[in-house]
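Listed here are the chains, written in short residue letters.
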Amino acid sequence: MNILDGKKCADSLIAEIGKKVSGYVQGGLRKPHMTIILVGEHAPSESYVKSKITTSGLSGFESELIRLPESIREEELLARIREINEDHTTDGLIVQLPLPKHINPQNIINAIDPAKDIDGFHPTNFGKMTLGQKAFRPATAYGICKLLQYYSIPTKAKHVVVIGRSNIVGKPISIMLANDFDIGNATVTLTHIETPRELLLEMTRVADIVIVAVGIPGFVTPDMVKEGAVLIDVGINRLESGKLVGDVDFDAVAPKCSWITPVPGGVGRMTVAALMINTLNAYQNNFNLV
Ligand code: NAD
């Protein structure tokens, strides 16, 4: 069993980005700039935002955190987004999810200028990605692809089973790995809560690569995977003890795997690194650098 070390891979990608940025800055350009909007108070969001801001500094970017009250009306939030869309000094904009219940997240995502949509959630980017066109790819899915690439894990002609169909993870990773991308060309089975248990087991037991994003600790058990499978654990679950775990029963499943991601230190790190790649690309687009 080998560990897919998200921290090591992310650090190497961030170092590469940092070098590129310092070249641009030495050439007289301003730094890339990332803006994050955080609405209300939500402990996991606080920690994700902190990690994005720290990593943006390590990448040589400037970043700005805009905190807005829980009570903000949807119209007011949309107005702030429109302001940032018009601001040429911001390359990338993230509106941290989840949002308070009275705000429709789809309206918010749709309002972000696709050119600044470094999360890759806007229908324009998602649509282009689906069609195999150049676009910002959803960060967690993109991060998983980068991790597989870093460890030279082939996806071409492999059978990938994805568990969970969220718009931010399961759906985009299924599409990306099935597409004719540099990392892709796999045969993908997308499963979800309505997949009969027997069918789910039938699929995961023959999968070369299992990607799980359900948000249930210990969901993937050793009887579900074949010997030598690659396991990508997207889940981030805080146990009552305070311990952070994924969706895989790691100690039991790891011995059966050829490769497995740890939690923490796996996909979470890669998500942030992929956001940095998207921000750099947004900046390069702004300055016609590519
Ligand atoms: P979600 O919470 O929106 O939805 C869960 C998905 O799991 C649904 O599509 C549902 O159909 C599926 N599901 C639930 N029970 C199932 C079952 N019994 N069998 C098969 N499928 C089942 O999904 P999400 O937002 O993708 O989050 C999933 C997990 O990934 C959470 O723990 C979240 O915190 C984590 N996450 C991690 C990162 C990261 O960067 N590592 C990013 C996003 C989400």
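Caption draft 1: Up close: the nonpolar core. Of all hydrophobic cores here, the largest spans 53 residues; its most connected members are I144, I173, L177, I211, I232, V234 and M276. With eleven residues, the top contributor of residues to this core is helix α10 (residues 267–286). Composition of this core by domain shows at least three residues from each of domain 1 (28–115) and domain 2 (139–267). Once residues within four sequence positions are removed from consideration, I144 is found in contact with I173, I211, I232, V234 and V267. Formed by 18 residues, the second largest nonpolar core is a distinct cluster that contains L200, L201, V210 and V212.

Caption draft 2: Spatial organisation of the site of the ligand. For the ligand, the set of nearby residues contains 21 residues, the closest of which are R165, S166, I193, V234 and T271. In the model, an oxygen atom of the ligand is placed 3.0 Å from a nitrogen or oxygen of the I236 main chain. Here an oxygen atom of the ligand and a side-chain polar atom of T271 are 2.7 Å apart. At three residues, the largest contribution of residues to the shell around the ligand is made by α10. The residue makeup of the shell around the ligand, split by class, is eleven nonpolar, nine polar and one charged.

Caption draft 3: Local environment of the packing of helix α5 (residues 123–130) against helix α7 (residues 170–178). Between α5 and α7, whose axes approach to 9 Å, the crossing angle comes to 30°. It follows from the interaxial angle that α5 and α7 lie roughly parallel. Here F126, M129 and T130 of α5 come into contact with α7, specifically with K171, P172, I175 and M176.

Caption draft 4: Representation of unusual backbone geometry. At the junction of L97 and P98, the peptide bond is cis and its omega measures out at 0° in the coordinates. Locating P98 in the fold gives a position in the loop between β4 (92–95) and α4 (105–111). Cis rather than trans, the peptide bond between V263 and P264 has omega equal to -5°. Of note, the phi angle at S152 is positive, near 50°, even though the residue is not glycine. Tracing the backbone shows S152 in the loop between α6 (139–150) and β5 (159–163). Note on S152: relative accessible area 63%, which makes it exposed. In this structure, A157 is a non-glycine residue whose phi angle is positive, near 65°. The topology assignment puts A157 in the loop between α6 and β5.

Caption draft 5: Quick look at α6. Taking 1.5 Å per residue as the helical rise, α6 with its twelve residues ought to reach 16 Å, and the 16 Å between its terminal C-alpha atoms agrees with that figure. With ten of twelve residues buried, α6 lies mostly within the body of the structure. Residues of α6 that are buried include every one of A139, T140, A141, Y142, G143, I144, C145, K146, L147 and L148, and no others. Where the residues of α6 are buried, they touch α1 (6–26), α7, β7 (209–212), β8 (229–233) and α10. Looking one or two residues past α6, S152 carries a phi angle of roughly 50°, positive in sign.

Caption draft 6: Broad picture of the sheet that holds strand β3 (residues 62–68). Read from one edge of the open sheet, three strands run β3-β2-β4, paired in parallel fashion. The outermost strands of the open sheet, each flanked by one partner alone, are β3 and β4. Direction aside, neighbouring strands of the sheet carry axes that sit 15° apart on average. Bridge analysis of strand β2 (residues 33–39) against β3 gives seven bridges, and the strand direction is parallel. By the bridge assignment, L38 is partnered in β3 with R67.

Caption draft 7: Fine view of the side chain of T140. Take T140: it is sitting in helix α6. In this structure T140 comes out as buried when scored by relative accessible area, which is 14%.

Caption draft 8: Local environment of the pattern of salt bridges. Inspection of every chain in the model, using the stated rule, returns nine salt bridges. R73 is paired through a salt bridge with E76; the nearest N and O atoms lie 3.8 Å apart. Judged by its relative accessible area of 38%, E76 is partly exposed. Among the ionic pairs, R205 bridges to D223, the shortest N-O distance being 3.9 Å. Of the two residues, R205 is situated in the loop between α8 (197–204) and β7 and D223 in the loop between β7 and β8; the sequence distance between them amounts to 18 residues.

Analysis parameters
- Residues numbered from 1 in each chain as written.
- Predicted model: local features only at pLDDT ≥ 70, side-chain atom pairs only at ≥ 80, totals over all residues.
- Heavy atoms only, no water.
- Core = buried A, V, L, I, M, F, W, Y, C linked by side-chain atoms within 4.5 Å.
- Buried < 20%, exposed > 50% of the residue type's maximum accessible area, 1.4 Å probe, protein only.
- Helix = DSSP H or I, 4+ residues; strand = E, 2+ residues; numbered from the N terminus.
- Domains from an automatic or database assignment.
- Contact = heavy atoms within 4.5 Å.
- Near = heavy atom within 4 Å.
- Polar contact = N/O pair within 3.5 Å; in protein donor to acceptor, adjacent residues only side chain to side chain.
- Nonpolar A, V, L, I, M, F, W, Y, C, P; charged D, E, K, R; others polar.
- Axes fitted to C-alpha atoms, helices over the stretch in contact; angles between N-to-C directions.
- Parallel < 35°, antiparallel > 145°, perpendicular 65-115°, else oblique.
- Expected span 1.5 Å × (residues − 1).
- Pairing = 2+ DSSP bridges.
- Salt bridge = Lys/Arg side-chain N within 4 Å of Asp/Glu carboxyl O.

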